Each structure stands twice: as structure tokens, then as C-alpha cells.
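# Structural overview
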Amino acid sequence: MALFCLHSLAGAAQSRQDILLTNDWKFSKGEMPEAARPGFDDAKWPTVSVPHDWAISGPFDGNNDLQKVKIEQNNEQAATQKSGRTGGLPFIGTGWYRRKLVVPEFGPGKRVVLLFDGAMSDAHIYINGQEAGSWPYGYNSFSFDITRLLQPSDNLLAVRLRNQSEASRWYPGAGLYRNVHLIVTDDVQVPVWGSYVTTPEITPEFARVKLRTKVATPGNSFQNLRLETEIRDASGKVMATTSTTLLPTDGQEFEQNLVVPTPQLWSPETPVLYTATSSLFAGSQLKDEYRTRFGIRSFKFEAGKGFSLNGKTRKFKGVCNHHDLGPLGAAINTAALRRQLTLLKDMGCDAIRTSHNMPAPELVELCDEMGFMLMVESFDEWKTPKVKNGYSQYFDQWAEKDLVNMVHHYRNNPSVIMWSIGNEVPDQSTPGGGKIARRLQDIVHREDPTRPVTAGMDRIDAAINNNFASVLDIAGFNYKPAQYEKANDKLPQGFILGTETASTVSSRGEYQFPVVQAKQKQYPNNQSSSYDLEYCSWSQIPDEEFVKQDDLDFVIGEFVWTGFDYLGEPTPYDEKWPSHSSYFGILDLAGLPKDRFYLYRAKWNTAAPTLHLLPHWTWPGREGQTTPVYCYTNAPSAELFVNGKSQGRQTKAPSDQPQSRYRLMWNDVKYQPGSIKVVAYDAQGKAMGEETVRTAGKPHHIKLVADHATLAADGQDLAYVTARVEDANGTLCPEATQQLQIAVSGAGRFRAVANGDATSLEPFQQPRMHAFHGQLVAIVQASDKAGDIKLAVSGKGLKAGNLSLKTTAPAGK
Ligand code: GAL
């Protein structure tokens, strides 16, 4: 065994190289067909590194992708100008990326593949002036074998991308916003996404692991090949091995069955992973080494019982997220994703819907590692358009290819629990829509029979009437809690999923009086109140969904719209520039929690106490006026004190208002400066915690809080540093709006800044921004040299904040 391991690992270095093409790209916007040619002069183009979003540095402008549209799914009756619908950023047009391609050890017997994790959009790839291939859908991953186009020495890789206007309902990003891989192998190899692992039988004593591994040979000719596979657990211990010979009757695919003893099961709470390493031999020669990471878990969706994972019934506590990373735009960054997932984990969230398109592989891998269940979604439209130049133009020719790539890419990831074939596609109500749903679902089942298929439906009656909803493995409804019972009565599946829920709108730190529940509410400052009572004509407050989730066993969970605010879709201010990012997020565009975070946390995070008070308590001019106080807590009751005087005890209890079950509310409190304090009591009446919010004095200093203090010196790692404007006693000044200047020195650089204000036109990429409700978040990026990073944030009349971060060489360097 020891020999076998050494042999395969020693050979691995030569047999397969996966090189990220990160640096030394030249980039320019513009129509330049000749840019595909090797001799084209790009000396004046700026050099960029990939992942790269060409539009995120702005400037913002309401005329960028200005759309005059009637949004049917929002029940609009007439077309109006929507200025910030796709974020107001300059992503429209053609862009070119060019780069020298040096392929290590290229020569006869080698095979070279380019794998794009995603390119926005309509990608055409050229090698030495010849087109290697194209892929229109900007969210999907795709690869091309470029061996035949390569020369032995220098090669020129050029990528042409094009973004159309009126092609999206949110900010899509622009450019090579995900990683590009150069994969060099022998010509006998395991192709991209060439393995498929399933676990057909799981018992406490053993798990059967079935691994199918494709091989590619020159001309697809039969060769005598052998595949040696070993499965290791997370600590590296070998759990199972096998060796299989390919027979002429096997085609180009190995099938191996292995047994892992006493399997440790994957779940959000125990994200245990295994790795299968397969060594491909032709005779005694090692040709390829291929790794497949996977998890062992079982799940069921059953009529009358709902969803269970590893035998335990549970409901999805999920959020929908768009792909952008706020101030970083669409450019993928693992540290940014990890921060998002860390925040969601703390909220008790256990599932994510990748609305409304294929995610980046980094997200799926992090979900495997950190424990989130994924609904991987494919499309926002099929044949019938929602936007003039959307995916419908490609649907007939590309839908199957797009689904196949999506499924092949992610079918080994244990986090992926279900596939979604679409979101609110208008074909729900077109004749034959049910048949399209069936065809797409069949494609997904053909490629992965182990996972169910869903779709987010909004036209509930139409979808039921034309069999669209009954065809799906899982009927998913968007914003229909009041109709779950009716739908379940009519549909055959026996359970229903809230694929998209709530769409409550709020701005962090913003409170409006009087406090009233309201639909499509607008204020002159283009903000939404954070009492969590404002929603859209088609949506609800969180509590309405909670009631159904709690009371109906056949409802198997929800995916809240959305976890994080995103660029574009600034409902309820779709027509009111400068609004250009969403108000739906539980966390804002900077990743700072809004009050709603604690409402969900109180319900979802059953392992830790939640006790949160709102609003802030600095209201000069509101003395004596009614200023309701809410408490979001998992305690059943609490007593409120204003300047020490009891305002009485409130207990959660059902009433005709759903929120009375989930929030403690004191609606008649009169404001007076000082403090509010809440004391929470458990079911036995024992005090279990208290929380105080104080009136702030004058802004005095800037406090800096980093999400982590030690970074990897890998040129990619990020620290998110919250800058808070505080008074002399350390109380947040909730109305502070000072412009703050950010200076970074040492082993890192300033990357971006955000304040969560959906109306702010300040660029994310300049090291200054106004605080929004007293806060902003500065993002610092590590360089590739280990050392110290110094961050200083200053503002007029404020004592500056200073912070030191450390970077250390990443493992293996
Ligand atoms: C849904 C749609 C989402 C988003 C949301 C806003 O109808 O699926 O993409 O637009 O509304 O509430």
C-alpha cells in the first residue's frame, strides 16, 4: 500500500497540472475583431488580473442599461423607466482579454484544455487567432480542448466578451469574473468533470461508494488501461482501495465499487468530506491522477413526511443569493464568500439557493466544507422572455448543453441537494410549458438520477393547471404562503417548498415613524424602514412565512429573498435613481447585518441565544413622541425599561398579527434620551440575558473591527474591517455621515469599500466613502509577501482608527 501511494503521488506532478491564469492579462473594452490575432498591439492596454469585473469601478450612471419596461412578475400595468435595475454600472458592450500562453512541457503526447469557471458573457475564445470555441451563457462553466491549436513555444490566448443591454434583471458583472484554468495532461486522461460518485447504500457499518470515471484517449481508441483508486478520509487515512482494468466492452468509462467502513455522514452540522484519488495507468505508465472530493449522506423527499437528511426530518432554513459580492462586483473571491457563509452560519442558515444561475465552484466547495445545503439553479427564463435580450435567445440551442455542464460540474458535491431548472419562467403559463419543464427535468435526471429537480413558481394557478407544477419532483413556490394548503391539496408530490420567500425591504439603521405595515412604501430619501414591516405588492413580512413553516408539516422549508443585498433591482425604488442596489437583503451590501438578521437568527440559530433591540436610541427632536421598541430574541418573553422605568413584559403569542408570535413589541414607548434595556426570561420565568441600547453623544472617534486579524499572504485573502463612528463612550453614532478616508500600507492594499447605502454613488474602488448610519466596511487585500498590514481610517473632527493585520505564508509555500 505504501508503495502504491508513493508511486501515484510522485507521478502526479508530471501527469496533471491545473494552472490558474491569474496574472498578466491585457484588457480593453471595444469592438476590435483584430484583437484575436497574435500580432495585434495591446501594449497600451492596462494589465489586469483575473477574476476581473470590468464594470465594478463605475462610474454609476442612471443611463447605463436604462430599461423602459413593464415588469410583469411585479404586477406592473405600464412600462416605466427603470434606472438602477441592473446596478447603473457600465457593463454593456464588448471587451477583450489577451494573454501570452506558455504551456509547460507542451509537445507530442500532451493534451491541453482551457476551463472557464464563467465568463460574462457570450464568450469567444481564440488561440493564435483561431477560434477554439464559444459559450453564450455568462454563468456557466465550459471547457475546450485547445491542443490542436497550440504551437510548441509562445501562444496567444484572446477572449472576446459581449454584454447586451436589457439582458438581465440584476447586475450581471462583466468580463472574466471567475477563474480560468489551463489544464495540461497526457493525451490519455480523465476529462474535465470526468468522474461521478454516488453512495447507493449507507449503513452505520459501511457505505458503498460507486465511482464512474471517464477516460479520453487519442482518437477515442481502446487502450489497455488500469485505474487505481483510493478513498481517504479528511485526516488522510486510506479507507478503501480498488484497481480496475478497462475492457473493450466498458467503452470509455470505468466503474468502481468501493466500501468505506463506519462512514461519517455529511450534514450542515458535520460537513465531513472524503476524497477519491484515481491513478490512471497505461501499462506501467502513470498517465493521470484525478481527485474527486465527495461526502456520504442520504436524503429523502417523502409525501406526508417532507425532507429528511441522514434519516432526520428537517426544514430548509435557506436564503437566496445573487452572485455579486457587493463592492467587489461579480469578481469571485474565496475570502469574500467565506465571510458571507460565516455570517449566514451564525444566523442559523443551513441552505442557499444560487439564484438564478450556476454558482462559482469556490462557493460550492465552501458549502461542502462549511456545511450548507445547496439548490443549484440554472435559468431565469426559458423560451418566453422576461427581458428583451435575455437567455430566451439561446434557450433552444443551449439549454441542454447548459444543464449538462451544470450537473456534471457539481454532481459530486455533497452540499448540492437539489437542482432548479428555472425561476418564475413565464413558460409556467404558456401552452406546452409543462412539457418543457418535463424535458428539462428529464435531462437533469439523465445526468444525475440521485437528486430531485425543482423550479421557483410564481404563477400558482397557471402552473397547477398546465401540469407544470405536478411534473416537478419538488413543487417550489415563490411568495405564496397563503396558498400552500390549496396547492398541496391539488398537487401529487405531498410536500411544498418555499423556493423564494418574504422579500421584506429595509435599510440598515433607517427607522421611519409612525411605524406601520406597508406595501411598496416609499420615502423621500429612497430608504426603507428597518422595523421589518415593509414589503412589495407580491411579497410578505418574514413572520407570515414563519407561521406556515411552523404550522404546516408538508412545507419543507424556505429560501428567503435574499441573504445579502445585491447590485440592481432597487425595489421599491426601481424608478427612482440614484437607488441602484437592493433593499431585500437580511445583510446589507457591505455585509453588515440589518435588524432582520436577528429575527431570523432568533428562529434559526437554536444553539446560541439571540437578544436584539431596535431602533437605535438617539432621536434628538423626538422627545415625548411614540417610538416603538422591538426585541428579536429566542426567549419567549422580556421586560423593557426606559431609563430604568419598566414598560411592561411582553410574551410571544399567536394573534391575528403573525409578528406577535416572533417579535416582542412595545408599541407605545415615548422617546426620552438615555437608554433602553431589555431583560429576557426563559419559559420558567428565569432571567436569561439583557441588552441595552444607549443614546449616543457627539461623534468622537473611529473604531475599527476586523473580521479576522491574520490573513494568508496569497495575494487574494481579504479582511473586512468595519469602521464605526462612536461617541466618547463607545456608543455607535447612528446618524453619523462623515466621509472617512482609508489608508492601507505594508503587506496589503486597499481593495474596496461599501457602506450599505443603496443610493450612494461613491465608487467602491476609491479609498474614501461617507459612513451610512455610522458605519462602513473597508476591504483590505493581502499581498503575496508575508508581513504586517497597517490600516488607518480618518474623518474630519474624529480621532482616527488604526489597526494592524498580519499576513502569513499560505500552507505549502
Ligand atoms: C421574484 C424574483 C426575484 C426577485 C424578487 C424580488 O419574483 O424571482 O428574482 O426579482 O422577486 O422580490
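The structure presented is a predicted model; accordingly, all values stated were derived computationally and were not measured.

Criteria and cut-off values
Per chain, residue numbering runs from 1 following the sequence as it is written. For a predicted model such as this one, the threshold for reporting local features is a pLDDT of at least 70, and the threshold for listing and counting side-chain atom pairs is 80 or more; totals across whole chains, interfaces and linings nevertheless cover every residue. Values reported for side chains reflect all heavy atoms of the structure, with hydrogen atoms and water molecules removed beforehand. Whether a residue is near a molecule or strand depends on its heavy atoms: if one lies within 4 Å, it is near. Polar contact is defined as a pair of N or O atoms within 3.5 Å, subject to the rule that within protein one atom must be able to donate a hydrogen and the other to accept it, and that residues adjacent in sequence are counted only when both atoms are side-chain atoms. Accessible surface is estimated by sampling points in the Shrake-Rupley manner with a 1.4 Å probe; for residues, cover comes only from the protein chains shown. Three classes are used: nonpolar for Ala, Val, Leu, Ile, Met, Phe, Trp, Tyr, Cys and Pro, charged for Asp, Glu, Lys and Arg, and polar for all others, with Gly counted as polar. Geometry of aromatic contacts follows a simple scheme: Phe, Tyr and Trp rings, the Trp one being its six-membered ring, pair when their centres are within 6.5 Å, and the pair is stacked under 30 degrees between planes, edge-to-face over 60, tilted otherwise. When accessible area is computed with a 1.4 Å probe and restricted to protein chains, residues below 20% of their type maximum are described as buried, those above 50% as exposed, and intermediate ones as partly exposed. Only Lys NZ and Arg CZ are tested; either one counts as a charge over a ring when it is within 6 Å of the ring centre and within 35 degrees of the ring normal. Strands are labelled as partners when DSSP assigns at least two bridges between them. Starting at the N terminus, helices and strands are each numbered in turn, a helix being any DSSP run of H or I of at least four residues and a strand any DSSP run of E of at least two. For helices, the axis comes from a line fit to the C-alpha atoms of the stretch in contact; other axes are also lines fit to C-alpha atoms, and the angle between any two N-to-C directions lies between 0 and 180 degrees. The criterion used for residue contact is that any of the two residues' heavy atoms lie within 4.5 Å. The predictor reports its confidence for every residue as pLDDT, a score running from 0 up to 100. UniProt positions are given in the numbering used here, feature names are shortened, and annotations may be inferred rather than shown by experiment. In a helix, the anticipated span is given by 1.5 Å times the number of residues less one.

### Notes on the site of the ligand
Every residue close to the ligand is listed here: Arg-169, His-356, Asn-423, Glu-424, Asn-478, Tyr-479, Glu-500, Ser-503, Trp-538, Trp-561, Glu-569 and Phe-584. For the ligand, an oxygen atom lies 2.9 Å from a polar atom in the side chain of Asn-423. Within the side chain of Tyr-479, an N or O atom sits 3.4 Å from an oxygen atom of the ligand. When isolated, the ligand has an accessible area of 310 Å², and the protein chains bury 100% of it. Looking at the shell around the ligand residue by residue, the class counts come to four nonpolar, four polar and four charged.

### Observations concerning the packing of aromatic side chains
As enumerated under the stated definition, the model contains 41 aromatic pairs in all. Centre to centre, the rings of Phe-307 and Phe-316 are 4.4 Å apart; their planes meet at 25°, and the pair counts as stacked. Of the residues examined, Phe-316 reaches a relative accessible area of 2% and is grouped as buried. Through a chain of ring-to-ring contacts, three or more aromatic side chains come together here, namely Tyr-137, Tyr-139, Phe-379, Trp-382, Tyr-391, Tyr-394, Phe-395 and Phe-468. In this structure, Arg-226 is placed above the aromatic ring of Phe-281, and the distance from its NZ or CZ to the ring centre is 4.7 Å. Geometry around Tyr-681 places Arg-649 over its ring, the cationic atom sitting 3.8 Å from the centre.

### Things to note about the sheet that holds strand β36 (residues 645-651)
The strand order across the open sheet built from four strands is β36-β35-β38-β39, with neighbouring strands paired in antiparallel fashion. What marks the edges here is a single partner per strand, and that holds for β36 and β39 (687-694). Each adjacent strand pair in this sheet contributes to an overall mean axis angle of 20°, direction not counted. Direction of pairing for strand β35 (residues 637-642) relative to strand β38 (residues 675-681): antiparallel, over a ladder of six bridges. Its bridge partner being in β38, Glu-639 is matched across the sheet by Val-679.

### Comments concerning helix α3 (residues 361-370)
Note that an α-helix has 3.6 residues per turn; residues three or four places apart therefore point the same way. In terms of residue burial, α3 counts as a mostly covered element, since seven of its 10 residues are buried. Considered for burial, the residues of α3 that qualify are Pro-361, Glu-362, Leu-363, Val-364, Leu-366, Cys-367 and Asp-368. Of the surrounding secondary structure, the elements contacted by the buried residues of α3 are β19 (285-294), α2 (334-347), β24 (351-353), β25 (373-377), α4 (395-410) and β26 (416-423). Immediately beyond the C-terminal end of α3, within one or two residues, lies Gly-371, with a positive phi of roughly 90°.

### Points about the confidence of the model for the protein
In this model, the protein carries a mean pLDDT of 96, and residues with pLDDT of at least 70 account for 98%. Ignoring residues within four places in sequence, the model shows residues 1-13, a span with pLDDT below 50, making 17 contacts including any to other chains.

### Some points on the environment of Leu-265
Mapped onto the elements of the fold, Leu-265 is located in the loop between β17 (253-261) and β18 (274-282). Separated by 30 residues in the primary sequence, Leu-265 and Gly-295 have C-alpha atoms spaced 7.1 Å apart. In contact with Leu-265, not counting residues within four places along its chain, are Ile-202, Thr-270, Val-272, Ile-296 and Asn-310.

### Notes on the UniProt feature "domain: Glycoside hydrolase family 2 catalytic" (unreviewed entry) in the protein
The sites that UniProt annotates as "domain: Glycoside hydrolase family 2 catalytic" (unreviewed entry) are residues 305-569. The straight-line gap between the two end C-alpha atoms of residues 305-569 is 37 Å; of that span, 31% is helix and 21% is strand.

### Focus on the sheet that holds β17
Across the sheet, which stays open at both edges, the three strands sit in the order β13-β14-β17 with antiparallel pairing between neighbours. Unpaired on one side and paired on the other, β13 (195-202) and β17 mark the two borders of the sheet. Taking each pair of neighbouring strands and ignoring which way they run, the sheet shows an average axis angle of 20°. Here six bridges tie β13 to strand β14 (residues 206-214), and the two strands are oriented antiparallel to one another.

### Here's the deal with α2
Taking 1.5 Å per residue as the helical rise, α2 with its 14 residues ought to reach 20 Å, and the 20 Å between its terminal C-alpha atoms agrees with that figure. Inspection of α2 places Ala-335, Ala-336, Leu-337, Arg-339, Gln-340, Leu-341, Leu-344 and Met-347 among the buried residues, and these make up the whole buried set. A side-chain oxygen of the first residue of α2 lies 2.8 Å from the backbone nitrogen of Ala-335; this N-cap is Asn-333. Gly-348 occupies a position one or two residues after α2 and carries a positive phi of about 95°.

### Regarding unusual backbone geometry
Of note, the bond from Val-50 into Pro-51 is cis; its omega dihedral lies within 30 degrees of zero at 10°. On the secondary structure map, Pro-51 appears in the loop between β3 (47-48) and β4 (67-69). The omega angle of the peptide bond from Leu-614 to Pro-615 is 5°, so this bond is cis rather than trans. Structurally, Pro-615 can be placed in the loop between β33 (611-614) and β34 (629-633). We note that His-773 has phi near 45°; this positive angle belongs to a residue other than glycine. In this structure, His-773 sits in the loop between β45 (768-770) and β46 (775-782).

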